[in-house]
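Each chain is listed here by its residues.
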Amino acid sequence: MRSKLQEFPGKGSFAHGVHPPGKKELAADVPIEVIPPPPRVILPLLQSAGAACIPKVKSKQQVLFGELVAEAQGFVSAPLHAPLSGIVQKSVVTTLPNGRHVRAIAIQAEGEQLQGQALWDEIFGGDWPKQGLQEFDPKRIAEAIARAGIVGLGGAAFPTHVKIMPNEKKTVDTIMINGCECEPYLTPDYRLMLEAAAPIITGALLAARATGARHIIIGIEDNKPKAIESMKRAAAGTGIKIAVVKTKYPQGSEKQLIQAVTNRTVPLGGLPLDVGVVVSNVATAAAVARAVLKGRPLTHRVVSVTGGGIVHPKNLLVPIGISLGELIDYCGGMTADAARMIAGGPMMGFAFHDLATPVTKGTSGLTILTHKEVEREQETTCIRCGRCVDVCPMNLVPTRLALAARHKNLDLIRKYSVMACFECGCCAYICPANIPLVQLVRTGKTMFLADRK
Amino acid sequence: MKAEQTQYTPVIHVSPAPHLSSRDLTTRKMMRDVLLGLSPVVFMALYVFHWYAVKQLMICLLGCLAAEALFMKMRAKSATLNDYSAAVTGIILALSLPGAAPWYIGVIASVVAIGMGKVVFGGIGMNIFNPAMVGRAFVMIAFAGAMGAPGYEQIHATVDVITRATPMDAFKQTGAVASLDSLFWGLTNGSLGETSALACILGGLYLCVRRTASWQIPAGTVVTAAALAGIANLVHPESNWTALHHLLGGSLLFGAFFIATDPVTSPLTPKGKFIFGIGVGFFVMVLRLFSGYPEGVMFAVLLMNGVTPLINHWTIPRPLGAIP
Ligand code: SF4
Ligand code: SF4
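These numbers were taken from a predicted model, which means no experiment stands behind them. (Residues numbered from 1 in each chain as written. Chains lettered and ligands numbered in written order. Predicted model: local features only at pLDDT ≥ 70, side-chain atom pairs only at ≥ 80, totals over all residues. Heavy atoms only, no water.)

Asks: Mind laying out the overall build of chain A, listing which residues take part and the relevant values?
Replies: Looking only at helices and strands, one finds 14 helices and 18 strands in chain A. The globule rule puts the C-alpha radius of gyration for 453 residues at 22 Å, and the 21 Å found for chain A is close to it. Projected onto its principal axes, the C-alpha positions of chain A cover 60 × 50 × 45 Å. When burial is assessed residue by residue, chain A has 60% of its 453 residues classed as buried. Per element, the accessible surface of chain A, about 17400 Å² overall, is 53% carbon and sulfur. Charge-centre separation for chain A: the mean point of 51 positive side chains lies 7 Å from the mean point of 37 negative side chains. (Helix = DSSP H or I, 4+ residues; strand = E, 2+ residues; numbered from the N terminus. Rg over C-alpha atoms; globule rule 2.2 N^0.38 Å. Buried < 20%, exposed > 50% of the residue type's maximum accessible area, 1.4 Å probe, protein only. Areas by Shrake-Rupley, 256 points an atom, 1.4 Å probe, with all protein chains shown as cover. Lys, Arg positive; Asp, Glu negative; His and termini not counted. Charge placed at Lys NZ, Arg CZ, Asp CG, Glu CD.)

Here's what the structure looks like:
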């Protein structure tokens, strides 16, 4: 394996990190299937980072596929659109996978629905030009993205128009399209790179046009040779480069990917923008292309339903707002030894228990793990082995942060830079004493924030 | 929802991320690894000291396990025997004692090691000082005779090597220099585990490769000791105790690989570990060259254990992207 990236200043990898079992084979070779339209969808008003949106529809109102149902509130917010045609019902309160209760719009399906191949074609089909995108005005691109309600589909769910826009204050020289998918088990981005490479490329070109970036780089881990092949083919003649980076968790984290490819370090507490980079996930790029070229909003997304606890692991194109329980049913249900349901992947995803929990824009998958997969030894006291220090990609001392949180010692919490932690889970994964380090660090963050108020 | 009617109703638990945990890394497995790493040393001890080694190992092993069970019971905590750490303490303690030391020394050292070295701090992970060295230091002070040169050297011993002086003592007393060969293979008198440099290197490298021991510690210790021993040789070129004798003789290698590397009592960061190793090597050589004791590993380790909280404090790594 190449240790150094050709063409790029980065080393192709970042410092520290872990190698959890990838388990991509469970779903990697299953082509994306379009799930039949559900009888009802629940659209939480808060699906992204930033402010919740404001409903624009009333109970019993008729809505059409793609119609605006809730408006953005402020700049860092994203509107919502109906993923199917139907009747708006009384507003409900639903639980997000992270346990938050939020108000939601419920839509009962009614009338003719687009489905199967027709729906796929509507979303990913047609022509995706690689040339002539210069005619699009950068401002217009950002506006189209904002109107379409696009948020980061890799999981962070940050409104995309805030990142992909002409920025007067900071120059952007590089657009990085993130196809790493370092989270174990999950494969939606992988499948998308194989099955819908064209819109990703078009979206990347548009993002570069909007931000004024001269370089476009697609980062993919070296355990996905087919995706690398597919993206290379689709990118031919566009000047877009593919950076093949080392397979290591969390390679797909923005700061780590930027480090690996460009050798730039995002300042602590800063954004990729501070080093002239905007990172966007592959699925987001595809959504951008669709929004700008076809004026269509984000209503569907690809998710993986995977893990040892699901009978038939699959990759599905699903309407936002479908319940996670329906996805499980569609994949043949859970096995007898299923032990945990996770919205997202096993390293950073949220365990949930309510099958009515809806898929949101940021849900990249559903991982059902078995008893064997989640099994761990009993917690012992910290043996101060320093493994957590050795793996922390942010170069923190997790054991100290955990201790400080346990003892409610704010001075220590501050001294060990609690807010630099992005909860990747490497420390808790490796810890031989099985200390719930991430949970404790999170407690520390809460204490830190409470103190600042 | 319909999913509840699937033919199975699995028991679902909610728990915070991450939902995976590295299987091959647990406290127990790490301790078991240490025992495996110690095996060549134990083997050589048995080969060289026969019955004396068997006896001392049994006494300390049982002593530590019993002490752990007893103290834990007194503090109404479930015994941690199954994490093997008491066994590790027992074996390291035995290997750091002279084979001919009377039975009560092993017993007392074990009780002190577990009781004062570990349990009063709150069990494994809470102690500041290496438990085995705490036990050894106690008996060394309390039974200076039995732990000094006469404890090692016994005319009537049934095993031949024990009738001879330890190489370092012999040199201090008479200026006789042991052959590097004998130090390397370990066919000399000494503490049970220290005599064979080869066994220490084999077991130690195993631990470093497995990353159960952090290589920075033995590296720091050995490099520093070698450098200082080299300087000492330059200052006193007439001395026949060369730098290699310093490295292969005494308990330097045993200490560097097996005692100093105890994770609990050494620093957290790679840099801190290296500093710690350098400190151990430095004090070993200072004690060897300038103190009345022929050997200084135990005190050097205890001293650096005491400095470890400070080293941790000095070596807080800079978070990624933080301004220097
Ligand atoms: S990995 Fe676990 S046991 Fe090791 S130092 Fe960190 S918290 Fe302690
Ligand atoms: S401390 Fe935070 S950033 Fe570091 S490994 Fe743990 S979860 Fe990841």
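Asks: Can you break down the overall build of chain B residue by residue, with the values?
Replies: Scanning chain B for helices and strands turns up 14 helices and 0 strands. Written out in order from the N terminus, the α and β elements of chain B read α-α-α-α-α-α-α-α-α-α-α-α-α-α. In summary, chain B has a C-alpha radius of gyration of 22 Å against a globular reference of 20 Å for 324 residues, a match within 12%. If one aligns the C-alpha atoms of chain B with their principal axes, the spans along those axes are about 90 × 50 × 30 Å. Taking all 324 residues of chain B together, the buried fraction comes to 55%. A sequence separation of at least 24 residues applies to 74% of the contacts in chain B between residues at least 6 apart. Accessible surface, chain B as shown: approximately 14000 Å² in total, 70% of it carbon and sulfur. (Contact = heavy atoms within 4.5 Å.)

Asks: Hey, could you go over the interface of chain B and chain A for me, with residue numbers and the actual values?
Replies: Of the residues lining the interface, 49 residues belong to chain B; the matching set on chain A comes to 72 residues. Summed over both sides, the interface between chain B and chain A buries roughly 5000 Å², with carbon and sulfur atoms accounting for 60% of that surface. Taken as a group, H19, L20 and L320 of chain B account for 16% of the area that chain B buries against chain A, more than any other trio of residues on that side. Between chain B and chain A we count 2 salt bridges in total. For the pair chain B and chain A, the interface holds 21 residue pairs in polar contact (both at pLDDT 80 or more). Breaking the side of chain B that touches chain A down by element, the ones donating at least two residues are α1 (27-74), α13 (270-290) and α14 (297-314) of chain B. Looking at the side of chain B that touches chain A, the element that brings in the most residues is α1 of chain B, giving 3 residues. Of the residues belonging to the side of chain B that touches chain A, the class tally is 25 nonpolar, 16 polar and 8 charged. (Buried area = accessible area lost by both parts, 1.4 Å probe. Salt bridge = Lys/Arg side-chain N within 4 Å of Asp/Glu carboxyl O. Polar contact = N/O pair within 3.5 Å; in protein donor to acceptor, adjacent residues only side chain to side chain. Nonpolar A, V, L, I, M, F, W, Y, C, P; charged D, E, K, R; others polar.)

Asks: Just give me the short version of the domain arrangement of chain A, but keep the residues and values in it.
Replies: Residue and element names in this part refer to chain A. We note that the domain assignment places domain 1 (1-36 + 113-375) and domain 2 (387-452) within chain A. Contact with domain 1, which involves 16 residues of that partner, is made by 15 residues of domain 2. Around 1100 Å² of area is buried between domain 1 and domain 2 when both sides are counted, 70% of it from carbon and sulfur atoms. One can count 0 salt bridges joining domain 1 with domain 2. Broken down by class, the residue content of the side of domain 1 that touches domain 2 amounts to 10 nonpolar, 5 polar and 1 charged. (Domains from an automatic or database assignment.)

Asks: Give me the lowdown on the site of ligand 1, citing residues and values where you can.
Replies: Near ligand 1 lie 14 residues; those nearest to it are C382, C385, G386, C388 and C431 of chain A. The local environment of ligand 1 is shared, drawing residues from chains A and B. (Near = heavy atom within 4 Å.)

Asks: An account of the site of ligand 2 is needed here, citing residue identities and associated values.
Replies: What surrounds ligand 2 is the set C392, P393, M394, P398, C421, F422, E423, C424, G425, C426, C427 and V438 of chain A. Its residues assigned to classes, the shell around ligand 2 comprises 10 nonpolar, 1 polar and 1 charged.

Asks: Which residues make up the environment of S13 of chain A, and what values go with them?
Replies: Residue and element names in this part refer to chain A. Its place among the elements puts S13 in the segment before β1 (32-34). The exposure class of S13 is buried, given its relative accessible area of 16%. Along the primary structure S13 and T247 are separated by 234 residues, whereas in three dimensions their C-alpha atoms are 8.2 Å apart. When residues no more than four places from it in sequence are discounted, the contact partners of S13 are K246, K248, Q251 and A260. A polar contact is formed between the side chain of S13 and the side chain of K248, at a distance of 3.5 Å.

Asks: Explain the pattern of salt bridges to me, using residue names and the numbers behind them.
Replies: Residues and elements named next belong to chain A. Per the stated rule, a full pass over the model turns up 20 salt bridges over all chains. Residue K56 pairs with E71 through a salt bridge whose shortest N-O separation is 3.8 Å. Highlighted residues: K56 in the loop between β3 (54-55) and β4 (62-63) and E71 in strand β5 (residues 68-71), separated in sequence by 15 residues. Overall, the relative accessible area of 46% leaves K56 in the partly exposed class. Ionic pairing is found between R290 and E122, a salt bridge with its closest N-O pair at 2.6 Å. One end of the pair, R290, is in helix α7 (residues 282-294); the other, E122, is in helix α1 (residues 116-124), with 168 residues separating them in the sequence. Judged by relative accessible area, which is 5%, R290 ranks as buried. Connected via shared salt-bridge partners are E122, R290 and R296.

Asks: Tell me what's going on with the side chain of K314 of chain A, and back it up with residues and numbers.
Replies: All names here are of chain A. Examined against the element boundaries, K314 turns out to sit in strand β15 (residues 314-319). Within the structure, the side chain of K314 is placed 3.4 Å from the side chain of E33, a separation counted as a polar contact. Once residues within four sequence positions are removed from consideration, K314 is found in contact with V30, E33, V303, S304, V305, Y330 and C331.

Asks: Account for a nonpolar patch on the surface, naming residues and giving values.
Replies: Residue and element names in this part refer to chain B. Together, L46, W51, V54, M58 and L62 make up an exposed nonpolar region whose accessible area comes to about 490 Å². Along the chain, L62 turns up in helix α1. Looking at L62, the relative accessible area reads 52%, which means it is exposed. (Patch = residues over 30% accessible without salt bridge, like charges linked within 9 Å, V, L, I, M, F, W, Y side chains within 5 Å.)

Asks: Describe the pairing of strand β10 (residues 174-178) of chain A, with residues and values.
Replies: Residues and elements named next belong to chain A. Most of β10 is tucked away: 5 of the 5 residues are buried. Here β10 shows two buried faces, one formed by T174, M176 and N178 and the other by I175 and I177. As judged from the 5 bridges shared by β10 and strand β11 (residues 215-221), these two strands associate in the parallel manner. Following the sheet pairing, T174 is matched in β11 by H215. Bridge count for β10 against strand β13 (residues 277-281) is 5 bridges, and the pairing is parallel. Across the sheet, the residue bridging to I175 is V278, located in β13. (Pairing = 2+ DSSP bridges.)

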